[in-house]
Amino acid sequence: MHLDNDLFQQLPVPAVQWPSVREGRRDGHARVNPAFSRAFRPGALCSPLPHWTDGAHLTRLPSRTGEPRVCRVTLSTLPNGDRLAVVEDVHAYHLDPLTGLPDRRALLLDAAQPTVGLALIDVDRFKQVNDALGHAAGDRVLEALARLLAGAARNGDLHAYRLGGDEFVLCAPHALTGEDLRPLQVGFRETLGRLGIPSGSFSYGLAQAPQHGDTLHALLQHADTQLTRSKRDRRGGLTTQLGRLLGRVTVTEPSGLNNLSAAL
């Protein structure tokens, strides 16, 4: 198979081709087809990573708007030695369908990028809210926290993810502290207060590289230990108080959330 220039230019999907290096052939740089130029920034895939073999690979490429998109890049070596990359945008498949945040798979994909600070976050007394007010109320809690985390990511050099359930992760190229998370706590409390949902706080565990490990797995493990300790220390009085308030709510009545706001 030889992919001549006309055929390459007419490919309906984004593609990049690198010339063969056989027998000293170094006759040109990588070329991109029009579909690639319309979708991604110039130089977005100037060379295949050295460890990439033929087959499919996941990576992030900057789109024309500058947004990093999760892409599947399928590499093939042609009979003449040229290498061809066909690019498929699979970004939507790596977003959490409820909150719109990148999901666990996206976090693992980004693990190759340097992370110094990490915060593992989960919602306090989330199960009790679900049990008393229903899963629709629980979804609103998760969506509210996700919006705050996404806003923090946009305004700072941060990346926010939803791991699943009520667990979220913030990653940063610098150390994260409790003070960094305080505005999020305030915003979360105020947002859920307006919704009449009594779960206006979250617990978190922090980890920092290299003190607590130099891999994503090690940082998550340390942060999880810190999170468990934090939730254990805060358990007791707050849980008892929430249980008493939730006991006043009649979930089947539409006015249940309003009654709960009055109780608070």
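Residues numbered from 1 in each chain as written. Predicted model: local features only at pLDDT ≥ 70, side-chain atom pairs only at ≥ 80, totals over all residues. Heavy atoms only, no water.

Chemist: Describe the pattern of salt bridges, naming the residues involved and giving the relevant values.
Modeler: The full count for this structure, using the stated rule, is 11 salt bridges. Here Arg72 and Glu88 are joined by a salt bridge, their closest N and O atoms 2.7 Å apart. Of this pair, Arg72 sits in strand 4 (residues 68-77) while Glu88 sits in strand 5 (residues 83-89), placing them 16 residues apart in sequence. For Arg72, a relative accessible area of 32% corresponds to the partly exposed category. (Salt bridge = Lys/Arg side-chain N within 4 Å of Asp/Glu carboxyl O. Helix = DSSP H or I, 4+ residues; strand = E, 2+ residues; numbered from the N terminus. Buried < 20%, exposed > 50% of the residue type's maximum accessible area, 1.4 Å probe, protein only.)

Chemist: Could you give an account of unusual backbone geometry, with specific residues and numbers?
Modeler: Following Ala209, the chain continues to Pro210 via a peptide bond in cis, the omega torsion being 0°. With a phi close to 55°, Arg125 is a non-glycine residue in the positive phi region. Along the chain, Arg125 turns up in the loop between strand 6 (117-123) and helix 4 (126-133). A relative accessible area of 18% places Arg125 in the buried class.

Chemist: Explain the nonpolar core residue by residue, including any values.
Modeler: Membership of the largest hydrophobic core comes to 30 residues, with the highest contact counts inside it found for Ile121, Val141, Leu145, Leu149, Phe168, Leu170 and Phe188. For this core, the elements supplying multiple residues, two or more each, are strand 6, helix 4, helix 5 (135-155), strand 8 (167-172) and helix 6 (178-195). If you tally residues by element for this core, the top one is helix 5, at 10 residues. Those residues in contact with Leu149 that lie beyond four places of it in its chain are Ile121, Ala160, Phe168, Leu170 and Leu184. Among the nonpolar cores identified, the runner-up in size contains 15 residues, and Ala106, Leu118, Leu163 and Leu220 belong to it. (Core = buried A, V, L, I, M, F, W, Y, C linked by side-chain atoms within 4.5 Å. Contact = heavy atoms within 4.5 Å.)

Chemist: Give me the lowdown on the packing of helix 5 against helix 6, citing residues and values where you can.
Modeler: Relative to each other, helix 5 and helix 6 sit at 145°, their axes nearing to 10 Å. Helix 5 and helix 6 meet at a crossing whose hand is right-handed. Residue-level contacts link Arg140, Val141, Ala144, Leu145, Leu148, Leu149 and Ala152 of helix 5 to Leu184, Gly187, Phe188, Thr191, Leu192 and Leu195 of helix 6. (Axes fitted to C-alpha atoms, helices over the stretch in contact; angles between N-to-C directions. Left-handed = near helix turned anticlockwise from the far one by under 90°.)

Chemist: Please provide a residue-by-residue account of the pairing of strand 3 (residues 55-62), values included.
Modeler: The pairing of strand 3 with strand 4 spans eight bridges and is antiparallel. Its bridge partner lying in strand 4, Pro62 is registered against Pro68. Linking strand 3 to strand 4, which pair antiparallel, is a turn of five residues; within it Gly66 sits at a positive phi near 95°. (Pairing = 2+ DSSP bridges.)

Chemist: Go over the packing of aromatic side chains with me, naming the residues and quoting the values.
Modeler: The geometry of an aromatic ring pair is captured by the separation of the ring centres together with the interplanar angle, meaning the angle of the planes. Counted according to the given criterion, the structure contains three aromatic pairs. When the centroid spacing of 5.1 Å and the interplanar angle of 40° are considered together, the rings of Phe36 and Phe40 count as tilted. Each member of the pair, Phe36 together with Phe40, is buried. Through successive ring pairs, a cluster of aromatic residues spans Phe188, Phe202 and Tyr204. Its guanidinium or amino end placed over the ring of Phe8, Arg31 lies 4.4 Å from that ring's centre, counting from NZ or CZ. (Phe/Tyr/Trp six-rings, centres within 6.5 Å; stacked < 30°, edge-to-face > 60°. Lys NZ or Arg CZ within 6 Å of the ring centre and 35° of its normal.)

Everything listed here is a matter of coordinates, which is why it stays silent on function.
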